[in-house]
Every structure is written in structure tokens, then in C-alpha cells.
Amino acid sequence: ITREVLAGRQAYVICPMVEESEMIEAENVLDYTKMLRQKLPESICVEYLHGKMKGREKNQIMERFAAGEIQVLVSTTVVEVGVNVPNATVMMIENAERFGLAQLHQLRGRVGRGPWQSYCILVSDNRGEDNKTRLDAMRRTQSGFALAEEDLKLRGPGDFFGARQH
């Protein structure tokens, strides 16, 4: 992230939660923003964005990010669709195992919109075989259709008439 930002690019960091929870162990936007502000050079502007913010505040943050005033945006999946920042070349997703393949694919699509080499970094402490298979599918293909097929193979179709999601 530092290398890309110092080269004039921007980065997204996605966390699955807004704030710390006693019930769930996962990275959160507020604490991660504080940590990055301490670890990255002071010249790098790090801000956060999440769905609990008021609409006006969210729009201001996104406008500042699009204008290049913010170099690193720590966010929940609120940036999944509708954001076009061609200068963003890094998408780092913490606790990637907490997101579905379609959602990971959508997030990855936020970078690579400009002429520069882009990177999608999936971070996960989950060493389970299912998780490895899912994340490997993300590495192997850029095709949303192929990922949907892989997701169907891994999770199955669900119940069409039952209570399980399908």
C-alpha cells in the first residue's frame, strides 16, 4: 500500500465490521483506520467509510477519495458498487473468508480501472480447505460466471422450498 500510494496511486482496505465486537473476532473499520494512521507515513491521508455514516458524510468522503485527497480508504463493503476511482490500484480485503465469492469479485472490480498494474490482496487466517478452495478460485479467474459456478459447487444450491437460502 505504501509503495503504491507513494507512486501516486490510492488504496482501499475492506473490513467486515464497522467497530469492535465482543461476539465476533474480525477486523473493523474504526480500529484499522487508527492502526494505519499510526503505521503509514504522516503524509498519507487515511480516512474511513461505512454504512452507519450519514449520507452527506459518506458522499463527502467518496468525493474526496475520487479527487485524490484521500490516499487510503478503509471501508466496509459500502464501496462494493457504484464507485469509479481509476487511480485506485490496491484492494486489500481483511477477513476475506467472511465474504462470498460474488462480493469479493465485486470488490476486486473497484481496482484495475486505470492504466496501472493493480492488486487485490485477500487476507485470511482461516486455514480450512473450503476457504483455501474459495480464495484459490479468486486467484485463478477473473470471470464472474466461473466464480458463480465454483460457489455453487462449494455451497450447493440451498433449499428451494425450505428455510435455507438458495
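Details of the structure are given in the entry above.
Residues numbered from 1 in each chain as written. Predicted model: local features only at pLDDT ≥ 70, side-chain atom pairs only at ≥ 80, totals over all residues. Heavy atoms only, no water.

Caption draft 1: Examining the overall build of the protein more closely. Of the regular secondary structure elements, the protein holds six helices and five strands. Scanning the protein from its N terminus toward the C terminus, one meets helices and strands in the order α-β-α-β-α-β-β-α-β-α-α. Whereas a compact globule of 166 residues would reach a radius of gyration of roughly 15 Å, the protein reaches 17 Å, a difference of no more than 12%. Each principal axis of the C-alpha atoms in the protein carries an extent, and together these give about 50 × 40 × 30 Å. For the protein, the residues scored as buried account for 40% of the 166 residues in total. (Helix = DSSP H or I, 4+ residues; strand = E, 2+ residues; numbered from the N terminus. Rg over C-alpha atoms; globule rule 2.2 N^0.38 Å. Buried < 20%, exposed > 50% of the residue type's maximum accessible area, 1.4 Å probe, protein only.)

Caption draft 2: Up close: the sheet that holds strand β5 (residues 119-122). Read from one edge to the other, the open sheet built from five strands follows the order β2-β3-β1-β4-β5, with strand pairing classed as parallel. In this open sheet, the two strands that pair with only one neighbour each are β2 (46-49) and β5. Strand-to-strand twist across the sheet, computed as the mean angle between neighbouring axes with direction ignored, equals 15°. Sheet analysis places strand β4 (residues 88-93) next to β5, joined by four bridges and oriented parallel. (Pairing = 2+ DSSP bridges. Axes fitted to C-alpha atoms, helices over the stretch in contact; angles between N-to-C directions.)

Caption draft 3: Representation of helix α2 (residues 29-39) in the model. Within the sequence span of α2, burial applies to Val29, Tyr32, Thr33 and Leu36. Across the axial projection of α2, the buried residues extend over an arc of 105°, all falling on one side. Exposed residues lying more than 90 degrees from the buried face of α2 are Lys34 and Gln38. The inward-facing, buried residues of α2 abut β1 (10-14), β2, β3 (72-75) and β4. At the N-terminal end of α2, a side-chain oxygen is found 3.3 Å from the backbone nitrogen of leucine 30, two or three residues along, and the residue is asparagine 28. (Arc of directions from axis to C-beta. Contact = heavy atoms within 4.5 Å. Polar contact = N/O pair within 3.5 Å; in protein donor to acceptor, adjacent residues only side chain to side chain.)

Caption draft 4: Summary view of the nonpolar core. With 26 residues, the main nonpolar core has Tyr12, Phe65, Leu73, Val79, Ile93 and Leu104 as its most contacted residues. Only β1, α3 (55-66), β4, α4 (101-108) and α5 (129-140) provide two or more residues apiece to this core. In this structure, phenylalanine 65 is in contact with Gln10, Ala11, Tyr12, Ile70, Gln71, Leu73, Val85 and Ala88, ignoring residues within four places of it in sequence. One finds Ala11, Val29, Tyr32 and Leu36 within the second-largest nonpolar core, a separate group that totals 14 residues. (Core = buried A, V, L, I, M, F, W, Y, C linked by side-chain atoms within 4.5 Å.)

Caption draft 5: Molecular detail of the pattern of salt bridges. Following the criterion strictly, the structure yields nine salt bridges and no others. Between glutamate 150 and arginine 140 there is a salt bridge, with the nearest N and O atoms lying 3.7 Å from each other. Pair noted here: glutamate 150 is in helix α6 (residues 144-155) and arginine 140 is in helix α5, with a separation of ten residues, a long-range link. For arginine 140, a relative accessible area of 49% translates into the label partly exposed. Several salt bridges share partner residues, and in doing so they unite Asp136, Arg139, Arg140, Glu150 and Lys153 into one network. (Salt bridge = Lys/Arg side-chain N within 4 Å of Asp/Glu carboxyl O.)

Caption draft 6: Seen up close, the pairing of β1. In terms of burial, β1 is a largely internal element, five of the five residues being buried. Of the two faces of β1, the one carrying Gln10, Tyr12 and Ile14 and the one carrying Ala11 and Val13 are both buried. Where β1 lies against β4, five bridges are found, and the strand directions are parallel. Directly across from glutamine 10, in β4, lies its bridge partner alanine 88.

Caption draft 7: Highlighting the environment of serine 124. Mapped onto the elements, serine 124 comes out in the loop between β5 and α5. By relative accessible area, which is 15% here, serine 124 ends up buried. Spatially, the C-alpha atoms of serine 124 and methionine 35 are 18 Å apart, while their sequence positions differ by 89 residues. Once residues within four sequence positions are removed from consideration, serine 124 is found in contact with Ala96, Glu97, Asn131 and Leu135.

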